[in-house]
Amino acid sequence: MEVSNREVKHILEKTVSGNRKDWAGKLDDALWAYRTTYKTPIEVAATHELDEFRLHAYENAKLYKEKTKRWHYKHIQHREFEPGQEVLLFNSRLKLFPRKLKSRWAGPFVVVSVRPHGAVELRDTSSSGTFLVNGQRVKYYWGGDIARHKTSVDLADT
């Protein structure tokens, strides 16, 4: 404590005029100069470093999120569907039974209507029921048969 008082007194002697009348007005400035120049308590320095680290991490997370968002929107394929058009539907639940060569696209389905914000109402060609799906799970069907049943190929030894 005595050391810090001596250092504050030394700062005041440098800044106050010779008659020492205005030392009360300069005391706040001297204390601020002492705290920033000489010593800072360990807790204050550690807290400041943690706050700075947290702020830096927050900014990095925000930049990463914005970059990921731009990449995602850049890779979205905008497709426009019309009622009566045949489409294929991506089956994302096929992961339960992994098959390397099995197609994840089911269909064909017929587009009944296109709703706002990318929703598409589909009807299976073999039934009359309709259901709504996200338009990103649907792609154009260009014709041809899709093997819905298990097929096998015998390989002969030659």
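Cut-off values and rules
- Along each chain, the written sequence defines residue order, and numbers are assigned to residues from 1.
- Local features in this predicted model are restricted to residues whose pLDDT is 70 or higher, and side-chain atom pairs enter the listing and the counts only when it is 80 or higher, whereas totals over whole chains, interfaces and linings include all residues.
- In computing side-chain properties, one takes all heavy atoms of the structure into account and sets aside hydrogens as well as water.
- Put simply, DSSP H or I for four residues or longer makes a helix, DSSP E for two residues or longer makes a strand, and each gets a number counted from the N terminus.
- A simple rule labels every residue: compare its accessible area, found with a 1.4 Å probe on the protein chains alone, to the largest value its type can have, and call it buried under 20%, exposed over 50%, or partly exposed in between.
- It only takes one pair of heavy atoms within 4.5 Å for two residues to be counted as in contact.
- Accessible areas in this description were obtained via Shrake-Rupley with a 1.4 Å probe; residue shielding takes into account the shown protein chains only.
- Salt bridge, as used here, is a side-chain nitrogen of Lys or Arg placed within 4 Å of a carboxyl oxygen of Asp or Glu.
- Per-residue confidence from the predictor is reported as pLDDT, which spans 0 to 100.
- Put simply, a nonpolar core is a bunch of buried Ala, Val, Leu, Ile, Met, Phe, Trp, Tyr and Cys residues held in one set by side-chain atoms that sit within 4.5 Å of each other.
- Pairing between strands is defined by DSSP: at least two bridges between the two strands are required.
- Axis lines are fitted through C-alpha atoms, for helices just across the contact stretch, and the angle between N-to-C directions can take any value from 0 to 180 degrees.
- In this scheme Phe, Tyr and Trp rings, the latter by its six-membered ring, pair at centre separations within 6.5 Å, and the angle between planes marks the pair as stacked below 30 degrees, edge-to-face above 60, and tilted otherwise.

Chemist: Can you walk me through the overall build of the protein chain in this structure?
Modeler: Secondary structure summary: the protein chain contains three helices and five strands in total. The order of helices and strands in the protein chain, counted from the N terminus, is α-α-α-β-β-β-β-β. Taken across its 158 residues, the protein chain has 18% of its residues classed as buried. Put simply, of all contacts in the protein chain between residues at least 6 apart along the chain, 45% involve residues at least 24 apart. Put simply, the protein chain shows about 14,000 Å² of open surface, and 56% of that area lies on carbon and sulfur atoms.

Chemist: What is the right way to read the pattern of salt bridges from this model?
Modeler: When the charged atoms of two side chains lie near each other, side chains of opposite charge can form a pair. For the structure shown, the criterion picks out two salt bridges. The salt bridge involving Arg 115 is made with Glu 121; its shortest N-O contact spans 3.0 Å. With a relative accessible area of 14%, Glu 121 lands in the buried category.

Chemist: Honestly, the confidence of the model for the protein chain in this entry has me stumped. Any pointers?
Modeler: Regions with low pLDDT should not have their predicted coordinates read in detail. Scored by pLDDT, the protein chain has a mean of 77; 75% of the residues are at 70 or more. Of all helices and strands in the protein chain, the one with the weakest mean pLDDT is helix 1 (residues 2–15) (72), whereas strand 3 (residues 119–124) scores best (88).

Chemist: Is there a simple way to explain the nonpolar core in this structure?
Modeler: As a rule of thumb, soluble globular proteins bury nonpolar side chains together. Formed by Phe 81, Val 87, Leu 89, Phe 109, Val 111, Val 120, Leu 122, Val 133 and Val 138, the largest nonpolar core amounts to nine residues. Of all hydrophobic cores here, the second largest spans seven residues; its members include Val 8, Leu 12, Ala 30 and Ala 33.

Chemist: When you look at the sheet that holds strand 4 (residues 130–134) in this model, what are you seeing that I'm missing?
Modeler: The pairing of strands in a sheet happens through backbone hydrogen bonds and is either parallel or antiparallel. Taken in spatial order, the five strands make up an open sheet running 4-3-2-1-5, and their pairing is antiparallel. Strands with a single pairing partner mark the edges of an open sheet, and in this sheet they are strand 4 and strand 5 (138–140). With strand direction ignored, the average angle separating the axes of adjacent strands in the sheet is 50 degrees. Pairing of strand 1 (residues 86–90) with strand 2 (residues 105–114), which is carried by four bridges, proceeds in the antiparallel orientation. Bridging across to strand 2, Val 87 finds its partner in Phe 109.

Chemist: In this structure, what is going on with the environment of Lys 26? I would like to understand it.
Modeler: Mapping Lys 26 onto the fold places it in helix 2 (residues 23–37). For the pair formed by Lys 26 and Ile 11, sequence separation is 15 residues and the distance between their alpha carbons is 9.7 Å.

Chemist: How should the pairing of strand 3 be read in this particular structure?
Modeler: Looking along a regular strand, one sees the side chains alternate between the two faces of the sheet. In the sheet, strand 2 pairs with strand 3 via five bridges, with the strands oriented antiparallel. Within strand 3, the position partnered with Phe 109 by the bridge is Asp 124. If you look at the hairpin formed by strand 2 and strand 3, you'll find four residues sitting between the two strands, and His 117 has a positive phi there, around 65 degrees. Between the end of strand 3 and the start of strand 4, which pair antiparallel, lie five residues.

Chemist: How do you make sense of the packing of aromatic side chains when you look at a structure like this?
Modeler: Two numbers describe a pair of aromatic rings. These are the distance of the centres and the angle of the planes. Within the structure shown, the criterion is met by three aromatic pairs. Between Phe 81 and Tyr 140, the aromatic rings sit 5.2 Å apart at their centres with planes inclined by 55 degrees, giving tilted as the arrangement. Here Tyr 140 lies in strand 5 and Phe 81 lies in the loop between helix 3 (42–74) and strand 1, a separation of 59 residues in the sequence. Phe 81 sits in the buried class, given a relative accessible area of 9%. When its relative accessible area of 25% is taken as the criterion, Tyr 140 is described as partly exposed. Measuring from centroid to centroid gives 5.6 Å for Tyr 140 and Trp 142, while their planes differ by 50 degrees, and the two rings are tilted. One aromatic cluster is present, formed by Phe 81, Tyr 140 and Trp 142 through successive ring pairs.

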